[in-house]
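Okay, here's what each chain looks like letter by letter:
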Amino acid sequence: MRIHLTSAFVDDQEKALRFYTEVLGFVKKHDLPLGEDRWLTVVSAENPDGTELLLEPSRHPVVAAYKTGLAEDGIPALSFAVDDVNAEFDRLRGLGVQFTQEPLEMGQVTTAVLDDTCGNLVQIVQSK
């Protein structure tokens, strides 16, 4: 069994696509119209056949409370592996990305947490 697809609830699919591709460096995989919304997925540029991230609209009634609760408690909705948290932090901060947690070493991992501009906190993680 493998993880094939996971999702992030986003406030604006187009804005999310720009952030996840132009800022974080993911690549658009699928973009199919579905009524008012789209089946919009991105993948890692390093693994285009790997796990897809669905940029899913936040319209369902329970999503607002879920996203607000996570963000208010500082809990990331997503976690992405990077080779060097400090370098990625510097690169992203240079692009204007807002961080809620600067790089922090915690034993065998270093993490930082950023705001994806679409209602989610995203953790980047480097394992040692």
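Rules used in this analysis
- Residues numbered from 1 in each chain as written.
- Predicted model: local features only at pLDDT ≥ 70, side-chain atom pairs only at ≥ 80, totals over all residues.
- Heavy atoms only, no water.
- Salt bridge = Lys/Arg side-chain N within 4 Å of Asp/Glu carboxyl O.
- Helix = DSSP H or I, 4+ residues; strand = E, 2+ residues; numbered from the N terminus.
- Buried < 20%, exposed > 50% of the residue type's maximum accessible area, 1.4 Å probe, protein only.
- Pairing = 2+ DSSP bridges.
- Axes fitted to C-alpha atoms, helices over the stretch in contact; angles between N-to-C directions.
- Contact = heavy atoms within 4.5 Å.
- UniProt positions renumbered as here; feature names shortened; annotations may be inferred.

Asks: Just checking my understanding: could you explain the pattern of salt bridges for this structure?
Replies: A side chain with one charge may pair with a side chain of the opposite charge, provided their charged atoms come close. Counted by the stated rule, this structure contains 10 salt bridges. Residue Asp-11 pairs with Lys-67 through a salt bridge whose shortest N-O separation is 2.6 Å. Taken as a pair, Asp-11 in the loop between β1 (5-10) and α1 (13-23) and Lys-67 in helix α2 (residues 61-72) lie far apart in primary sequence, 56 residues in all. Residue class for Lys-67 comes out buried when judged on its relative accessible area of 8%. Between Asp-31 and Lys-28 there is a salt bridge, and its shortest N-O distance comes to 3.6 Å. For Asp-31, a relative accessible area of 31% gives the class partly exposed. Through salt bridges with shared partners, a single network forms among Glu-14, Lys-28, Asp-31 and Arg-38.

Asks: Hey, could you run me through the sheet that holds strand β2 (residues 27-34) in this one?
Replies: Neighbouring strands of a sheet are bound in pairs by backbone hydrogen bonds; such pairs are parallel or else antiparallel. Ordered by their spatial adjacency, 4 strands build an open sheet running β1-β4-β3-β2, and the pairing between neighbours is mixed. Looking along the sheet, the strands with just one partner apiece sit at the ends: β1 and β2. Between one strand axis and the next, the sheet turns through 25° on average, direction left out of account. Note that strand β3 (residues 37-43) and strand β4 (residues 52-57) share 2 bridges and pair antiparallel. Residue Thr-41 lies in a different strand from β4, and its bridge partner there is Leu-54. Set on the sheet, α1 makes contact with β1, β2, β3 and β4; between it and β3 the angle comes to about 10°.

Asks: Looking at this structure, I do not really get the sheet that holds strand β7 (residues 109-115). What am I missing?
Replies: Strand order in this open sheet of 4 strands is β5-β8-β7-β6, and the pairing throughout is mixed. Unpaired on one side and paired on the other, β5 (78-81) and β6 (99-106) mark the two borders of the sheet. Pairwise comparison of adjacent strand axes, ignoring direction, gives a mean angle of 20° for this sheet.

Asks: What's the story with the UniProt feature "domain: VOC" (unreviewed entry) in the chain in this structure? I'm lost.
Replies: Within this numbering scheme, the UniProt entry marks residues 2-127 as carrying the feature "domain: VOC" (unreviewed entry). Secondary structure across residues 2-127 comprises 26% helix and 42% strand; the distance between its end C-alpha atoms is 21 Å.

Asks: Sorry, what's going on with the environment of Gln-108 here?
Replies: Among the structural elements, Gln-108 can be located in the loop between β6 and β7. Between the alpha carbons of Gln-108 and Leu-54 there is a distance of 29 Å; along the sequence they are 54 residues apart. Residues contacting Gln-108, with those up to four places away along its chain left out, are Gln-126, Ser-127 and Lys-128.

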